[in-house]
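Given next are the chains, with one letter for each unit.
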Amino acid sequence: MTNLCVYVGLLLSLVVASGLAHLNLFLNVVETQRLLGLPAEIYYVREGQVNEYALHFTVPVPADVEEISFTWQSLAKKALPYRIKIVSPDSIALPKPSMNISWQGEVPEHIETFAIWLRCSGRESAELDVTITVEVTLDRLTGNVTELLFRRKKICLMRLCLVRFSEHPDVNQPDPYLLENASNGQNGLITLIIGGILAIVFVAIIIMIAYCARGSFNRKPHHAQPIRTSSFQRLQTHAPSAPSSIVSPPSIAPTIATLSRTRIYANAEPEELQRRISELTVQRCRVRLSSLLQEGTFGRVYRGSYNDSQEVLVKTVGPHASQIQVSLLLHEGMSLYGAQHPGILSVLGVSIDDHTAPFLLYLAPENTRNLKIFLQEPVARTLTTIQIVKIQLQLAQALGHLHSHGVIHKDIAARNCVIDDQLRVRLADNSLSRDLFPGDYYCLGDSENRPIKWLALESIQYKQFSEASDTWAFGVLMWELCTLARQPYAEVDPFEMEHYLRDGYRLSQPINCPDELFAIMAYCWTMLPMERPSFEQLQICLQDFYAQLTRYV
């Protein structure tokens with residue numbers, strides 16, 4: 001009830017003026033699907049309630065999208081005059097935008113969609129900040145005017161062909177320059193265009209004939225190259241996840257530890273690697289196990305203590321675990337070693353006295369438990385939106401720290417986080433997750449269990465991981481928190497996930513999830529990796545929304 005009152009109070013505070021309650025302005029399903037890959041409507045103004053977060057977010061417009069649209073409707077019993085202004089900073093890359101409606105008029109009483117054309121000239125490449133201002137006059141007598149500002153970032157690319165015919169001429173807004181010069185040299189321009197096209201076609205035919213002739217004498221097998229991911233990708237920090245790539249050498253315990261650190265510190269000298277391994281080693285006799293928290297087919301998680309003074313979580317394997325599973329436990333368990341951040345659960349020590357069942361120790365206060373298990377307990381139903389956003393903000397800060405050090409997590413999910421009684425949450429590694437949460441991992445015929453329903457499209461298709469793919473998985477984690485650990489895409493077959501995502505389908509908005517919060521998730525799931533927000537941007541968005549929520553408490 002408290003959470004509901006806070007949210008209602010927040011929405012009421014965002015009403016700009018009472019007269020604006022007679023206006024709806026939003027992106028319809030088609031437009032949202034095209035720009036964000038999300039089959040939903042995103043409201044900027046819903047019956048007068050203004051979505052401030054959506055207004056302040058800059059929406060990217062890809063190079064292949066030349067038309068953006070808005071849908072609006074006047075709910076008033078009187079005319080609502082409007083005026084639209086569009087500001088674009090670069091007339092060379094992006095000529096003056098146009099619309100299919102007049103620059104000023106009255107908001108229609110029925111739902112209508114109007115289009116704005118942002119056609120690049122193709123003469124140069126640029127990223128342009130375009131601002132669209134919609135002024136709505138609420139009361140002509142008092143001069144009460146409400147201004148809505150929309151931000152778009154238009155991407156323009158240079159094209160080889162500079163001549164382009166418009167598919168949607170703007171009959172309402174003719175260009176004065178074109179009208180003035182239409183009669184001057186029109187016949188010569190047409191002749192020049194036709195001659196140029198014929199010349200280009202002729203050259204293209206010659207090139208194709210030469211290429212085919214060369215290919216018939218010198219044909220080599222062609223190997224398709226995978227698509228490139230975000231420019232933030234740091235391949236040298238990626239630890240391979242395939243179990244088949246881990247081989248058990250004769251001297252199991254020390255050599256496996258060395259192998260794990262070599263994966264992470266690929267550029268370090270052997271002496272430095274050995275020194276870091278020695279920092280992890282602890283004596284088994286100093287570890288006391290008190291209670292069993294989780295158990296899988298071969299993995300186990302205990303609560304215990306180290307040196308009778310530090311409360312720890314202990315990960316280990318059972319008596320029937322193979323050497324491959326032991327190798328995987330050590331390899332993944334040390335992936336976050338050395339990460340100094342309050343939001344990261346890094347390994348405290350490793351005991352390899354018994355090489356068939358090594359211990360991994362994690363410093364954890366009493367009552368620390370797995371986040372996914374916590375969300376499935378009845379106590380989690382009392383979580384408020386404020387608490388959920390605070391948890392998400394903590395994890396965004398932890399991931400921002402990892403990315404600032406060039407580390408890609410690759411398996412961000414509630415099952416790989418821990419939480420205590422004060423709702424302090426920390427991101428952990430994914431060691432034993434495949435065994436402890438088998439329902440979250442799927443094998444698609446490649447002998448590798450992967451968290452398919454948390455992965456970005458490029459990770460499913462090409463096994464490419466980057467900061468952008470971590471952003472996608474974080475969006476799914478946000479959805480888990482809002483649904484109290486429901487299974488994402490529960491109705492979708494794992495083998496169909498690639499086609500499902502490629503067709504633009506995404507997770508639906510959870511019940512009682514504010515529009516502002518769902519908008520942040522949606523931006524994490526955009527199709528192109530470079531269009532997803534960084535964790536610095538996610539922290540700012542979540543911090544702003546958290547501040548809005550707490551302002552009325």
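Anyway, here's the lowdown on the structure attached to this text. (Residues numbered from 1 in each chain as written. Predicted model: local features only at pLDDT ≥ 70, side-chain atom pairs only at ≥ 80, totals over all residues. Heavy atoms only, no water.)

Examining the packing of helix α13 (residues 467–483) against helix α15 (residues 515–524)
- Between α13 and α15, the shortest axis-to-axis distance is 8 Å and the interhelical angle comes to 150°. Of the possible angle classes, the one that applies to α13 and α15 is roughly antiparallel. Here the hand of the crossing between α13 and α15 comes out left-handed. Of α15, the residues touching α13 (which contributes T471, W472, G475, M478, W479 and C482) are L517, I520, M521 and C524.
- Here the contact of α13 with α15 is composed, by residue class, of eight nonpolar, two polar and no charged. (Axes fitted to C-alpha atoms, helices over the stretch in contact; angles between N-to-C directions. Helix = DSSP H or I, 4+ residues; strand = E, 2+ residues; numbered from the N terminus. Parallel < 35°, antiparallel > 145°, perpendicular 65-115°, else oblique. Left-handed = near helix turned anticlockwise from the far one by under 90°. Contact = heavy atoms within 4.5 Å. Nonpolar A, V, L, I, M, F, W, Y, C, P; charged D, E, K, R; others polar.)

A word on the sheet that holds strand β3 (residues 49–50)
- Read across the sheet, six strands follow the order β3-β2-β1-β5-β9-β7 without closing on themselves; strand pairing throughout is antiparallel. Two strands close off the open sheet at either side, each with one partner strand: β3 and β7 (98–99).
- Looking at chain direction, strand β1 (residues 23–27) and strand β2 (residues 42–46) are connected through three bridges and run antiparallel. Within β2, the position partnered with L27 by the bridge is I42. (Pairing = 2+ DSSP bridges.)

Looking at the sheet that holds strand β13 (residues 299–306)
- Here we have five strands laid out as an open sheet, ordered β12-β13-β14-β16-β15, and antiparallel in their pairing. Two strands in the sheet have a free side with no partner beyond their single neighbour: β12 (287–295) and β15 (347–351). With strand direction ignored, the average angle separating the axes of adjacent strands in the sheet is 30°.
- Pairing analysis gives eight bridges linking β13 to strand β14 (residues 310–317), with the strands arranged antiparallel. Its bridge partner lying in β14, R303 is registered against L313.

Some points on helix α10 (residues 385–404)
- Helix length check: α10 (20 residues) gives 28 Å between terminal C-alpha atoms against 28 Å at 1.5 Å per residue, within 8%.
- Within α10, 16 of the 20 residues are buried, which leaves it mostly tucked inside the rest of the structure.
- Looking one or two places after α10, you find G406, whose phi comes out positive at around 75°. (Expected span 1.5 Å × (residues − 1). Buried < 20%, exposed > 50% of the residue type's maximum accessible area, 1.4 Å probe, protein only.)

Thoughts on the side chain of S433
- In this structure, S433 sits in helix α11 (residues 433–436).
- If we skip the residues at most four places from it in the chain, S433 touches R415, N416, P438 and Y441.

So, the packing of aromatic side chains
- Counted under the stated rule, the structure contains eleven aromatic pairs.
- An angle of 25° between the planes, with centres 5.7 Å apart, marks the rings of F70 and F114 as stacked. Of this pair, F70 sits in strand β5 (residues 67–74) while F114 sits in strand β9 (residues 112–117); the two residues are 44 residues apart in sequence, bridging distant segments of the chain.
- For the ring pair F474 and F535, a centre distance of 5.3 Å and an interplane angle of 70° mean the geometry is edge-to-face. With a gap of 61 residues between them, F474 in helix α13 and F535 in helix α16 (residues 535–550) connect regions that are remote in the sequence.
- Taking relative accessible area as the criterion, F535 reaches 3% and is therefore assigned buried.
- Chaining the aromatic ring pairs together yields one cluster made of Y44, F70, W72, Y82, F114 and F150.
- Across from the ring centre of W454, 4.2 Å away, lies the NZ or CZ of R415, which sits over that ring. (Phe/Tyr/Trp six-rings, centres within 6.5 Å; stacked < 30°, edge-to-face > 60°. Lys NZ or Arg CZ within 6 Å of the ring centre and 35° of its normal.)

Without other data, these values stay purely geometric and don't point to any function.
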